[in-house]
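Coordinate inspection notes
What follows is each chain in one-letter form.
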Amino acid sequence: MSSIIQLLPDHVANQIAAGEVVQRPASVVKELLENAVDAQATDIKLIVKDAGKTLVQVIDNGIGMSVTDARLCFERHATSKIRQAEDLFALHTKGFRGEALASIAAIAHVEMKTRQEQEELGTHIVIEGSKFIAQEPAVLPKGTSFAIKNLFFNIPARRNFLKSDHVEFRHVLDEFQRVAMAHPGIHFTLIHNGSETFNLPSSNYRQRIVNIFAGKTNEKLVPVAEETDILSIQGFVGKPEFAKKNKGEQFFFVNDRFIRSSYLHHAIMSAYEGLLRDGMQPSYFLYLQVPAHSIDINIHPTKTEIKFDDEQALYAILRSAVKHSLGQFNVAPVLDFERDPNLDTPYEYQTKSAEYPTIEVDRNYNPFADEVPTRREPTRTASAGSYSNHFSKPAAAPSWESLYVGLKQDTEAVDFSALEMEAEDEIAPSLFNSQETETSTQKTYQLQRKYIVSPIKSGLMLIDQNRAHQRVLYEQYLTNMTVQQAASQQLLFPLQVSFNPVELHVLHELQDGLQTVGFTFDRWENDGVVISGIPMHTNESMIRQLMEEIVHAFQEGLSDSFSQNDTLAKSMARSLAVKNGAFLTDKEMEALVNNLFACKDPNVSPFQKPTFITLSVDEIDKKFTL
């Protein structure tokens, strides 16, 4: 039998590797930005068109490459970062596998320009699908420029699986922010479709975070600093009152590399124990420095997961450091709740000797001199020649009958006792009266402020008030988006809500849908939006939380071009539906039941959970026969 195993051609192997390294335009952005950082650049510019589908260009002023390196960098496993296997445990660079550029060149049109500082001429290379089209010398500035055009041009299936431009650009923003926050000393610029989105000058960690997230970020940051033998922690955590429902402002950096770690996240959440409401997530921007030999980065293609030698120790140190910072800056309550800071002894009084207090007495002070007499002055009797006390008796207040003296008595006396007896006979008839009387019975009632119980012919029906209201609101909002626009109630004082640039990008995408359900936007600002109108029957105090939950739903990847209205209707219905524990009047319960069964699909909520269950009489009878 002939042999059937053969080596794959290089261009096929590169396309297979590209499936792991390059998943979307954001993957290209990440690899090129990290290469620019490794090239010791101090100024990096990212230019994106059509969310990276048409163009991703990264320009840096790094050390550049020679003619040989410029050609060799596109080969598989060609890298300048490591030389031997032991170097994997002493990494100080972002990349080390040497697969990124080869994978990118296999699925896109690549144009590279590079020049070293000591060279007069640079190198210009053009590649299309792993094929070298041109290589020639050129007059270029110092540094390197990569232009990646027409991503997945030779793999149409992968290109068709890309999301809308809005979704893909959000992923690009995420990767750009992670690299920019890890290296605040580098000047970063982001230009999307010709407009400048970010211009981040060289600064410190705190200023870089404020420049990226804008708004009231500076007010909510609490510094964290801890130095140990195995771990060094720097960074900031957010105050509990600024916590959100989404995880958009949670960042771990280990040796200037962004990572994800549910284990370390649990350490942060345990430090906030008792300070957050249910479902809320704190913000944190923490930079960890550990020995390079104590971590393993080579366990995931995207290098966002890391294995630590001693995770338990890192957990304990991180939890203690965050908890200490929250207590040190009076964010978390101290043990002595009644402590008065005015009673604390100043430091300058530690060496000061005690002195006896001086007491001054005013001997001329008479506490009875100005007292107002509350009784009549005593009178002197002639016979005894002494004083006798006679207290004055206050005059008696006139009785209430005196107010009616002189009025004409035209009415006859009424026997109220007879009227009371007649009323009792009419209102409270005998329980054993043989005649049938009409009594008003309540058709629905509330159970534990969570369920609505309604009798039906076959038994009982239990309705979950929260899920039922979600279904009613969901179909109502969908109707407003597709058939007729909902009415809006205008605010007397416009409401300003702060958002970071990524969240603002989501709201821009949802602007048309939000306006159809009743929102009116006065103006858009760099760090937020001003709302002048809100949907009918919506409380103004709920708007800030509602907008955050809507943004959170879309940031979780639930949205796409065809389901944008559906996702928006679901998020608003979940946020504005009556909560379990809320009291409902009889009319509200009756209206909710009627509206539920007027829906197209009353059986389930928008999230496919049952809205009601029924108990037949047979089932109830079985309970009593047990």
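Nothing here was measured: the structure is a model prediction, and the numbers come from that model. (Residues numbered from 1 in each chain as written. Predicted model: local features only at pLDDT ≥ 70, side-chain atom pairs only at ≥ 80, totals over all residues. Heavy atoms only, no water.)

1. Some points on the nonpolar core
What counts here: Side-chain atoms within 4.5 Å link the members of a nonpolar core, which is a set of buried Ala, Val, Leu, Ile, Met, Phe, Trp, Tyr and Cys residues. Under the scheme applied here, a residue whose accessible area is under 20% of the maximum for its type counts as buried, over 50% as exposed, and between as partly exposed, the area being computed with a 1.4 Å probe on protein chains only. Per the convention used, a helix needs a DSSP run of H or I reaching at least four residues, while a strand needs a run of E reaching at least two, with both numbered from the N terminus.
Core analysis: the biggest nonpolar cluster contains 60 residues, and Leu32, Ile44, Leu46, Phe74, Ile148, Met181 and Phe188 have the highest contact counts within it. No other element matches the 8 residues that helix α6 (residues 165–182) contributes to this core. If you look at the next biggest cluster of nonpolar residues, it comprises 31 residues, including Tyr477, Leu495, Met547 and Met572.

2. Side note on the sheet that holds strand β22 (residues 520–525)
How we decide: Here a strand pair is declared whenever DSSP counts at least two bridges between the two strands. The angle between two axes is taken between their N-to-C directions and runs from 0 to 180 degrees, where each axis is a line fitted to C-alpha atoms and a helix contributes only its stretch in contact. Working rule for contacts: check all heavy atoms of both residues, and any pair within 4.5 Å makes them a contact.
The sheet built from 3 strands is open, its strands ordered β21-β23-β22 with antiparallel pairing. Strands at the two margins of the open sheet, each flanked by one partner only, are β21 (488–498) and β22. Put simply, the sheet's adjacent strands are angled 15 degrees from each other on average, direction ignored. Packed onto the sheet, helix α13 (residues 501–516) meets β22 and β23 (528–535) and runs at close to 160 degrees relative to β22.

3. Section: the confidence of the model for the protein
Any residue range with low pLDDT should be treated as having predicted coordinates unsuitable for detailed reading. Convention followed: The pLDDT value expresses, per residue, how confident the predictor is, ranging between 0 and 100.
Across the protein, pLDDT averages 79, with 76% of residues at or above 70. Here strand β17 (residues 387–388) is the element of the protein with the lowest mean pLDDT, 46, and strand β1 (residues 43–49) is the one with the highest, 95. Predicted confidence is poor over residues 427–440, with pLDDT under 50, and the contacts of this stretch with residues over four places away or in other chains come to 0 contacts.

4. Brief notes about the packing of aromatic side chains
Any aromatic ring pair is given by two values, namely how distant the centres are and how the planes are angled relative to each other. Rule in force here: In summary, the pairing rule links any two rings of Phe, Tyr or Trp, Trp by its six-membered ring, whose centres are within 6.5 Å, and it sorts them by plane angle into stacked for under 30 degrees, edge-to-face for over 60 and tilted for everything else. Lysine NZ or arginine CZ positioned within 6 Å of the ring centre and within 35 degrees of the ring normal marks a charge as sitting over the ring.
Applying the stated criterion to the full structure yields 17 aromatic pairs. For the pair Tyr205 and Tyr287, a centre-to-centre distance of 4.0 Å together with 35 degrees between the ring planes defines the contact as tilted. On the criterion of sequence distance, the pair formed by Tyr205 in helix α7 (residues 205–213) and Tyr287 in strand β13 (residues 284–289) is long-range, its members being 82 residues apart. Among the aromatic residues, those joined into a ring-pair cluster are Tyr205, Phe213, Phe251, Phe253, Phe258, Phe285 and Tyr287. For Arg71, the ring lying beneath its charged end belongs to Phe132, and the centroid distance is 3.7 Å.

5. Structural notes on α7
Among the residues of α7, those classed as buried are Arg208, Ile209, Val210, Ile212 and Phe213. Residue Ala214 follows α7 closely and has a positive phi angle near 50 degrees.

6. What to know about the pattern of salt bridges
Selection criterion: The salt bridge definition used is simple: a Lys or Arg side-chain nitrogen within 4 Å of an Asp or Glu carboxyl oxygen.
Following the criterion strictly, the structure yields 13 salt bridges and no others. The partner of Lys142 in a salt bridge is Glu117, and the shortest N-O contact between them spans 3.8 Å. A residue pair is termed long-range when its members are at least 10 positions apart, and Lys142 in the loop between β5 (131–138) and β6 (143–149) and Glu117 in the loop between β3 (109–115) and β4 (122–128) qualify at 25 residues. Its relative accessible area of 33% is what places Lys142 among the partly exposed residues. Owing to a relative accessible area of 57%, Glu117 belongs among the exposed residues under this scheme. Between Glu249 and Lys244 there is a salt bridge, with its nearest N and O atoms 3.4 Å apart. Look at Glu249 and you get buried, because its relative accessible area is 6%. Residues participating in the shared-partner salt-bridge network are Glu111, Lys113 and Lys149.

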